[in-house]
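Remarks on the overall topology
The residues making up each chain are set out below.
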Amino acid sequence: MSGPRRDWSDTTPLLSPQHYRHRGGSASAFSDHGSSSFSGRRASASLEMATAAVPAVPTRSVLLGVDVGTGSARAGRLFDEDEKLLGSASSPIQIWKDGDCIEGRSVAFPGHPLGSGLTPDAAKELGLRAGTPVGTSLIDAHAGGVGVMESVAVPDPEAKEYDKEAFCHRLVLVCGTSTCHMAVSCSKLFIPGVWGPFWSVSKSLFNVPDLLLSGELVSMVPEYWLTEGGQSATGALLDYIIENHVASPRLANRAASQNISVFELLNKILESMVQDLNSPFLAALTEDIHVLPDFHGNRSPIADPKAKGVVCGLTLDTSEKQLALLYLATVQGIAYGTRHIVEHCNAHGHRIDTLLACGGLSKNPLFLQEHADIVGCSIVLPRESESVLLGAAILGAVASKKYSSLSDAMKALNAAGQVCTAMPEQVIHPTKDPKVKKYRDAKYRIFCELYE
């Protein structure tokens, strides 16, 4: 990983392959939120890189988002100041060794510049300049919220006042191995079975530039209360359901022969079954199959780590079509779990009406459409699919003092991914067919009854 540092220009890669060292495998395609304990969750560190001067080439600034794990990190993505993706890397890099960690009694603001930036040793390891600003990190899911929360089109671009109320109507889904559901509010909302509320103070409220705050005062977005729900197993549950079915090896071979993922093949099988069975709509294929997705306990809103999963409607069928139906019922069960969380939060003061999705599962169109239909909310997709890494890069931009606050940086760097009528594919709307809604509501009543 170490080696001679090279100056960067438009034609010279900033991070070359020799700057990375593999540690037993490639990086994950999406962030892992599988552990429900704080110690098991990863943080997203952030760096803001000032480029070296190169003769005859104007210098410019680049933002690097790094997703940090236990002892290693996923070398992330490079962005310019307009959120344009400049490059990415997937190889893990070693970040610290035994004995490097220290404990403290206070934590810094998200994006707060730490020390004097990169030390000479760290800069040599990363192939960067010593002194490159390093911003205080956030938990990976919270960094995803920072990277996606402003990715909604502003109704009136000439509006002088920022609509804080509309901002509080959004729920961010960071959906990977597990799913985190994050919403903010202007007032303090205590919701049984849901984490929070966590308050985050804006650094701009104080005149002391190096002020450090206790942990309970630092959350995702400054000057808002954060509510965080979650499902302990979502992507992990889908993997479990598929991989433990007798038809899984055959399905995997078919997917490989077509050079597509297993999920894409399952989605195709379901589409063909709608035609073959003359089903009124795809979701109706699972009218006799119901899944309670608490295979790893329930994080929200039941908040019972001992909760168990349920599959109702199994038969002796071991075909690939039966696996496709079980997969669809599991996706629906996960979506009903999200609806359970949203309705529970709205019953206790929130007014969530828009979802913003990022993470590996947000790349599955079936997963997104089922969530839009079942929750009854439109789902906005940011242009940058790796929102966790973008959020980390935003923290680096704040550390470099390019922006006076995290909120300003979010508005500026999320803006390039804002959704407008010219990009309708970036918004997934609920199906308007009243028959579909009636069916969803009936299935949701069964979902809730499975808890009784």
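See the structure above.
Quick caveat, the model's predicted, so the values are computed rather than measured. (Residues numbered from 1 in each chain as written. Predicted model: local features only at pLDDT ≥ 70, side-chain atom pairs only at ≥ 80, totals over all residues. Heavy atoms only, no water.)

What about the packing of helix H7 (residues 320–347) against helix H11 (residues 434–449)?
Going by this rule: As a rule, the C-alpha atoms of each element are fitted with a line to give its axis, helices using only the stretch in contact, and angles between N-to-C directions run from 0 to 180 degrees. Helix and strand labels come from DSSP, where a helix needs a run of H or I of at least four residues and a strand needs a run of E of at least two; each type is numbered from the N terminus. Roughly parallel covers angles under 35 degrees, roughly antiparallel covers those over 145, roughly perpendicular covers 65 to 115, and oblique covers all other angles. Contacts were defined at the residue level, with two residues in contact if any of their heavy atoms lie within 4.5 Å. Charged means Asp, Glu, Lys or Arg here, nonpolar means Ala, Val, Leu, Ile, Met, Phe, Trp, Tyr, Cys or Pro, and polar covers whatever is left, Gly included.
Between H7 and H11, the least distance of the axes is 10 Å, while the angle of their chain directions is 85 degrees. Judged by the inter-axis angle, H7 sits roughly perpendicular to H11. Mapping the contact onto sequence places Gln332, Gly333, Tyr336, Gly337, Arg339, His340 and Glu343 in H7 and Arg440, Asp441, Lys443, Tyr444 and Phe447 in H11. Residue composition of the contact of H7 with H11, by class: 3 nonpolar, 4 polar and 5 charged.

Quick look at the pairing of strand S10 (residues 225–231)
Where we set the bar: Relative accessibility under 20% of the residue-type maximum defines a buried residue, over 50% an exposed one, and the middle range a partly exposed one, all with a 1.4 Å probe and only protein chains included. If DSSP finds at least two bridges between two strands, the strands pair.
Of all 7 residues making up S10, 7 are buried, and the element is well covered by its neighbours. In this sheet, S10 lies alongside strand S8 (residues 179–185) in antiparallel orientation, the contact comprising 7 bridges. Of the residues in S10, the one forming a bridge with Ala183 is Thr227. As defined by bridge partners, strand S9 (residues 195–199) adjoins S10 across 3 bridges and the pair is classed as antiparallel. In the sheet register, Trp195 faces S10, and the bridge partner there is Glu228.

Quick look at helix H2 (residues 140–148)
Of all the 9 residues making up H2, 9 are buried; the element is thus mostly covered by neighbouring parts of the structure. For H2, the complete set of buried residues consists of Asp140, Ala141, His142, Ala143, Gly144, Gly145, Val146, Gly147 and Val148.

Focus: empty space enclosed by the protein
Quick note on the threshold: Points on a 1 Å grid over protein atoms alone make up a cavity when a 1.4 Å probe fits among them but cannot get out, and a pocket when they form an open set with protein on both sides within 12 Å along at least five of seven lines; lining residues each have an atom within 4 Å of a point. Grid points are joined across faces, edges and corners, and a volume is the space filled by probe spheres set on the points.
Taken as a whole and judged by the stated rule, the model has 6 cavities of 30 Å³ or more. Size it by volume and the largest cavity reaches roughly 120 Å³. Taken together, 19 residues line the largest cavity, and the ones lying closest to its centre are Gln231, Pro293, Asp294, Asn298 and Ser300. Counting residues per element, the ones that place at least two in the lining of the largest cavity are S10 and H7. The element best represented in the lining of the largest cavity is H7, accounting for 3 residues. Split into classes, the residues belonging to the lining of the largest cavity amount to 7 nonpolar, 10 polar and 2 charged.

Looking at the nonpolar core
Note the cut-off: To form a nonpolar core, buried Ala, Val, Leu, Ile, Met, Phe, Trp, Tyr and Cys residues must be joined to one another through side-chain atoms within 4.5 Å.
With 33 residues, the main nonpolar core has Val184, Met220, Ile394 and Met410 as its most contacted residues. Here this core takes 6 residues from helix H9 (residues 387–399), the largest share from any one element. Among all residues touching Val184, those that are not within four sequence positions of it are Met149, Phe167, Cys168, Met220, Val221, Tyr224, Trp225, Leu226 and His350. Residues Ile241, Met273, Leu323 and Val331 belong to the second largest nonpolar core, which totals 31 residues.

Comments concerning the packing of helix H5 (residues 248–257) against helix H6 (residues 262–276)
Between H5 and H6, the shortest axis-to-axis distance is 9 Å and the interhelical angle comes to 100 degrees. The orientation of H5 relative to H6 falls into the category roughly perpendicular. Side by side, H5 and H6 meet where Leu251, Ala252, Arg254 and Ala255 of the first sit next to Val262, Leu265, Leu266 and Ile269 of the second. Residues belonging to the contact of H5 with H6 are distributed by class as follows: 7 nonpolar, no polar and 1 charged.

Read these as geometric descriptors, not functional statements.
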